[in-house]
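# Fold and geometry: a report
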Amino acid sequence: MKYWLVKSEPEVFSFEDLKGRKDQITFWDGVRNYQARNYLRDEMKKGDQVLFYHSNADPLAVMGICKVVKEGYPDHTQFDIDSYHYDIKADPKNPTWFMIDIKFVKEFKTPVTLQEIKSNPKLKKMQLVARGNRLSVLPVKKEEFDEIVKMGQQK
DNA sequence: GCCAACGTTGGC
DNA sequence: GCCAACGTTGGC
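Read on for an overview of the structure. On a predicted model such as this, the values are computed, not experimentally measured, just so you know. (Residues numbered from 1 in each chain as written. Chains lettered and ligands numbered in written order. Predicted model: local features only at pLDDT ≥ 70, side-chain atom pairs only at ≥ 80, totals over all residues. Heavy atoms only, no water.)

### A word on the protein's contact with DNA strand C
Taken together, Lys7, Tyr53, Ser55, Asn56, Leu60, Leu114, Lys118, Arg134 and Leu135 are the residues near DNA strand C. When the atoms of DNA strand C within 4 Å of the protein are grouped by moiety, sugar and phosphate amount to 67% of the total. Between DNA strand C and the protein, one listed contact pairs a phosphate oxygen with a side-chain N or O atom of Lys7 at 3.0 Å. With respect to DNA strand C, the side chain of Tyr53 contributes an N or O atom lying 2.9 Å from a phosphate oxygen. Across the surface near DNA strand C, the residue classes tally to four nonpolar, two polar and three charged. (Near = heavy atom within 4 Å. Polar contact = N/O pair within 3.5 Å; in protein donor to acceptor, adjacent residues only side chain to side chain. Nonpolar A, V, L, I, M, F, W, Y, C, P; charged D, E, K, R; others polar.)

### Section: the pattern of salt bridges
This structure, assessed with the given rule, holds eight salt bridges. For Glu43, the salt bridge identified is with Lys2, shortest N-O distance 3.3 Å. On the criterion of sequence distance, the pair formed by Glu43 in helix α2 (residues 34-43) and Lys2 in the segment before β1 (3-8) is long-range, its members being 41 residues apart. A relative accessible area of 31% places Glu43 in the partly exposed class. A single salt-bridge network, built from bridges that share partners, covers Lys122, Glu147 and Lys150. (Salt bridge = Lys/Arg side-chain N within 4 Å of Asp/Glu carboxyl O. Helix = DSSP H or I, 4+ residues; strand = E, 2+ residues; numbered from the N terminus. Buried < 20%, exposed > 50% of the residue type's maximum accessible area, 1.4 Å probe, protein only.)

Right, here's the structure in full:
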């Protein structure tokens, strides 16, 4: 099993939105970065645990945990001319972009803020806090995942 | 709203 | 294949 972190702008889709879904599942569409695409398509497996992070938000924080319930499959929005994520170069026979389905697992008692992550020596090496990182899907080490979950359970 | 960091595009 | 210009991300 692997561990991941996904970013979302809560204005667009928040952790509360995921929690509020009838089946608490959503497809993770709109990723248009090749490296993130490779993670979605090739490496994220059913049952993998995922931290849900709010970017461009207040607070900037990991809100809780979700998990992969469906592995990489073509992102239909690349072919939808009305979609913001439409990609004129995408070929239906050989899709460029992929998505996964994730399901709500648990909301943290307290969101783990970016500042707390930055000030925790155990999390210094997280890709999330690496310089210039802009990927919306990132691998997380088990130790880092466990540490953040621990922080999220504290009052 | 600013700007650093980075990815992508396109002219050559 | 290089690299300048441009667009996007995301923290501040």
